[in-house]
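# Fold and geometry: a report
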Amino acid sequence: MIYADIIVDISHEKLDRSFQYRVPKELEAEIQLGMVVTIPFGNGNHERKGYVIGLSDKPAFDISKMKELHGICSSEETTEERLIALAVWMKNRYGSTMVQALKTVLPVREKVKAKEKRYIVLNMDVAAAEQLAAELESGRCKARARLVRALLKEKKLDYTKASRELGMTASVIRPLVDQGAVLVTQDEVYRMPVDGSDIPREQLSMLTETQKAALLQIQEEWKQETPRPVLIHGVTGSGKTQIYMKLIQQAVNEEKQVIVLIPEIALTYQTVRRFYGWFGDKVSVLNSRLSQGERYDQFKRAKRGEIQIMVGPRSALFTPFSRLGLIIIDEEHEQTYKSENSPRYHARETAEYRAQMENAHLVMGSATPSLEAYTKAKDGEYRLVKLEARYEDRPLPEVTVVDLREELKNGNRSILSRSLKTAVERRLERGEQSVLFLNRRGYAGFVSCRSCGEALKCPHCDVALTEHNNGKLVCHYCGYEQPRVEKCPMCGSPYIGGFKAGTQQIEQVLRKTFPKARVLRMDYDTTRTKGSYEKILSSFAEHKADILVGTQMIVKGHDFPDVTLVGAIAADLSLNVADYRCAERTFQLLTQAVGRSGRGRKAGEAIIQSYHPDHYSIQAAAKQDYEAFYQEEMAYRMLMDYPPAAHMLSVLASGEDEKLLEQGMDYLAKFVERISGKYRVHVIGPAYASVGKVNDIYRKVLYLKHKDERVLQDIKNKTEKYIEVNSGFRKLYIQFDYT
């Protein structure tokens, strides 16, 4: 006997409870996870629709009291069925609860009240209306007469507009409704996140020969019996977006639907304008700044088939399209494609699974692909397509790396090197634009020497130590700690500490150094309100500012033809974060930043300020040489058994009771070591997480490394069961994460 765990019709029920039903003998061979079934529900045994989220050969309670499901809705596969099947895969892959997975793939969980617009409509012929208006005027009912006259000119009036412009009140309109002269109707209207009416339509531009060759390679791959995901590796400014557009046009012509993932809200302004320009109202957009109502309306439009293209961050991956034909992941390397909440899914892996499940194509693109994606491409799992020249063969920017240690020796204590200051002055004289960014986000905890550039690192893990408020320097991988130092252990300099400057200080320096320059700042503080990204970016695009200063968000994906200078204020801050990917992040960020310069007709320049000018990530970024960086970084990953050379699973636990947390993590570590002995799994920790305490909740992490991902998957599954049967873990919140 098989028993099915069912969630009742998602549009009506909360997702925090499932019900178990017996599966009839004749359906046992057919039933699968994610299927839509009909079930008797409630005291009256009303037939309802439900979704299979679990199958078992063991009943959860007395089978004499258990109802039997009626049947499988196999006549038509629903969008929900496929999304629930995706949620089941995510639960098993990433180790979350089913509820967490469902809430991820079905983000609009409760129906939002539809927005309605009221209209006043004339309900009589013209002659009768003329006569009524005359009678009302003679009877001194001027307001009602005015309304009838207005309806004679325009058969349908916006209720709100009529009230405001004609001075209509309910007491004026009601008598006309009562006598049947007019009707008040209601239409449902969508809350639109973007007003596309002011965006001019454009024709798709002609592709260059290089782009045509790349497009042909992708189309050839799509003709294969089992087409692989495609990775487009193109230098910055090579025209990847134009290839995306041609592929989207092909999918739209075939009446297929398309999901386009972009990494940051900051990219939305230009990206959405491009998409609306090319595809008009076939496009919609999602982002975290939308209201719940706007979000609900976009998913409803998608489900009804009223749009064909959805643009947005990783949550757009779960758009309820029924005819999905293509998923595009732009800037595939970005960290924002990885979820920080359970299930801690990666959009790349999840998109690959959804595309495979729905027979859709997956195309990814980046100038700096993640090592994971590029390794898969080199191993033949993905089709690699290269664009090695900029659009129209425009030259890459000329790059200079400035040694900040030498600047300090020469008496320059400013955050602007002499080279960068001179370069900005030249742009101001020529009426060109500059972008200056501070590579600081999330990297405040490390300690480094300004004289020799050395950062204090863990002797066991080769990652930077993090400074804590108690004065200790701690490694967040193995737990090693040491007291804070007053002098650099390498050169003896007293100039040692964290990096203090922020974007506001840089803005002040710029205004003081270049008093006539128009400066815009774009960081977390200036982009908190809805529409602030678009406002800042559109102002800069319209040349209302000479210099744009900000954090990493300003150098990702934007295309400003008049920007001929990009300056990285402190390029190597990201090299000192406590993360084995720090060199990869630094290379990607600097390469992307350099690529913002010289995208128009004018030649570009980039200046990288660094305390580690000889570091391979900075040298490779200056030369825009991905292959050189990949070879060097992969050698390091292989030496240290870090992904993608090996696989790594993090077990993250948090709780209010620090002693209970420590005890629980020690038990987990011993359990993992016991069950993984034959596999020789490398276990690190447990240690405190990078932020060990948040809102009185303590956090610890355990790392597991192995060459075979299946070994880690097996350990995860066994550990989940161990946690489930031991009541001591119930006061701890535990997550699994493939890092």
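Above this text sits the structure in question.
About the criteria used
- Residues numbered from 1 in each chain as written.
- Predicted model: local features only at pLDDT ≥ 70, side-chain atom pairs only at ≥ 80, totals over all residues.
- Heavy atoms only, no water.
- Pairing = 2+ DSSP bridges.
- Helix = DSSP H or I, 4+ residues; strand = E, 2+ residues; numbered from the N terminus.
- Phe/Tyr/Trp six-rings, centres within 6.5 Å; stacked < 30°, edge-to-face > 60°.
- Buried < 20%, exposed > 50% of the residue type's maximum accessible area, 1.4 Å probe, protein only.
- Lys NZ or Arg CZ within 6 Å of the ring centre and 35° of its normal.
- Salt bridge = Lys/Arg side-chain N within 4 Å of Asp/Glu carboxyl O.
- Axes fitted to C-alpha atoms, helices over the stretch in contact; angles between N-to-C directions.
- Parallel < 35°, antiparallel > 145°, perpendicular 65-115°, else oblique.
- Left-handed = near helix turned anticlockwise from the far one by under 90°.
- Contact = heavy atoms within 4.5 Å.
- Nonpolar A, V, L, I, M, F, W, Y, C, P; charged D, E, K, R; others polar.
- Core = buried A, V, L, I, M, F, W, Y, C linked by side-chain atoms within 4.5 Å.
- Expected span 1.5 Å × (residues − 1).
- Arc of directions from axis to C-beta.
- Polar contact = N/O pair within 3.5 Å; in protein donor to acceptor, adjacent residues only side chain to side chain.

## Section: the sheet that holds strand β21 (residues 481–483)
Strands sit in the order β19-β20-β21 across an open sheet of 3 strands; the sheet is antiparallel. Each edge of the sheet is formed by a strand with only one pairing partner; in this case those strands are β19 (466–467) and β21.

## A short note on the packing of aromatic side chains
Here the structure, examined in full by the defined rule, presents 16 aromatic pairs. For the ring pair F587 and F629, a centre distance of 4.4 Å and an interplane angle of 5 degrees mean the geometry is stacked. Taken as a pair, F587 in helix α17 (residues 582–594) and F629 in helix α19 (residues 626–640) lie far apart in primary sequence, 42 residues in all. Neither residue differs from the other here; F587 and F629 are each classed as buried. A cation sits over an aromatic face here: R93 above Y738, 4.3 Å from the ring centre. The ring of Y688 is capped by K700, whose NZ or CZ atom sits 4.7 Å from the centre of that ring.

## A closer look at the pattern of salt bridges
Summed over the entire model, instances satisfying the criterion amount to 38 salt bridges. Here E709 ties to R93 by a salt bridge, and the two come within 2.7 Å at their closest N and O atoms. Here R93 lies in helix α1 (residues 79–94) and E709 lies in helix α21 (residues 709–725), a separation of 616 residues in the sequence. Classification of E709 by relative accessible area gives partly exposed; the value is 26%.

## Topic: the pairing of strand β4 (residues 46–56)
Across 6 bridges, the pairing between strand β1 (residues 3–8) and β4 is antiparallel. When the sheet's bridge partners are listed, I6 is paired in β4 with V52. When strand β3 (residues 36–41) meets β4, the two strands line up antiparallel, connected through 6 bridges. The residue bridging V36 from the neighbouring strand is Y51, located in β4.

## Some thoughts on the packing of helix α3 (residues 126–138) against helix α4 (residues 142–153)
Where α3 meets α4, the axes come as close as 8 Å, and the angle between the chain directions of the two elements is 155 degrees. The angle between α3 and α4 falls in the class roughly antiparallel. The hand of the α3/α4 crossing is left-handed. Residues V126, A129, E130, L132, A133, A134, L136 and E137 of α3 lie in contact with α4, whose contacting residues are K142, R144, A145, V148, R149 and L152.

## Here we look at the sheet that holds strand β16 (residues 398–403)
Across the sheet, 6 strands lie side by side as β16-β26-β25-β17-β24-β23; this open sheet has parallel pairing. Every other strand in the sheet has two partners, leaving β16 and β23 (519–522) as the edge strands with one partner each. Each neighbouring strand pair of the sheet contributes to a mean axis angle of 15 degrees, computed without reference to strand direction. Summarising the sheet, β23 and strand β24 (residues 547–550) pair through 4 bridges and their orientation is parallel. Considered in β24, the bridge of R521 is made with V549.

## A word on the packing of α1 against helix α2 (residues 98–105)
In contact at an axis separation of 8 Å, α1 and α2 are set at 135 degrees when each is read in the N-to-C sense. As far as their axial angle goes, α2 and α1 are oblique. Relative to α2, α1 is oriented so that their crossing is right-handed. Mapping the contact onto sequence places L83, I84, L86, A87, V88, M90 and K91 in α1 and M98, A101, L102, T104 and V105 in α2. Classifying every residue of the contact of α1 with α2 gives 10 nonpolar, 1 polar and 1 charged.

## Observations concerning the environment of I415
Relative to the assigned elements, I415 resides in the loop between α13 (404–409) and α14 (418–430). The spatial distance from the C-alpha of I415 to the C-alpha of L510 is 9.9 Å, given a sequence separation of 95 residues.

## Here's the deal with the nonpolar core
By size, the foremost hydrophobic cluster in this structure holds 104 residues, and its most contacted members are I327, L704 and I734. It is α1 that provides the largest number of residues to this core, a total of 8 residues. In contact with I327, other than residues within four places in its own chain, are I259, L317, A351, R354, A355, H361, L362 and V363.

## Concerning the environment of P489
In this structure, P489 sits in the loop between β21 and β22 (496–497). Take P489: its relative accessible area is 55%, and that puts it in the exposed class. Separated by 40 residues in sequence, P489 and C449 place their C-alpha atoms 9.2 Å apart. For P489, the residues in contact, after removing those within four places along its chain, are L456 and I496.

## Things to note about α3
Taking 1.5 Å per residue, 13 residues should reach 18 Å; α3 reaches 19 Å between its end C-alpha atoms and fits that length. Every buried residue of α3 is accounted for by A129, L132, A133 and L136. Along α3, the residues classed as buried sweep out an arc of 100 degrees about the axis, all on the same side. Away from the buried face of α3 by more than 90 degrees, exposed residues A127, Q131 and S138 are located. The N-capping residue of α3, defined by a side-chain oxygen 3.3 Å from the backbone nitrogen of A127, is D125. A positive backbone phi angle near 65 degrees is found at R140, which sits one or two residues after α3.

## Some points on the side chain of S654
In this fold, S654 is placed in strand β27 (residues 647–655). Excluding its chain neighbours within four sequence positions, the residues that come into contact with S654 are L661, I697, Y698, R699, K731, L732 and Y733.

## Quick notes on α14
With 13 residues, α14 should cover 18 Å at 1.5 Å per step; its first-to-last C-alpha distance of 19 Å lies within 8% of that length. Those residues of α14 not exposed but buried are L420, A423, V424 and R427. Buried positions in α14, seen along its axis, are confined to an arc of 100 degrees and lie on one side of it. If you follow the buried residues of α14, they end up packed against β17 (433–437), β24, β25 (563–568) and β26 (605–610).

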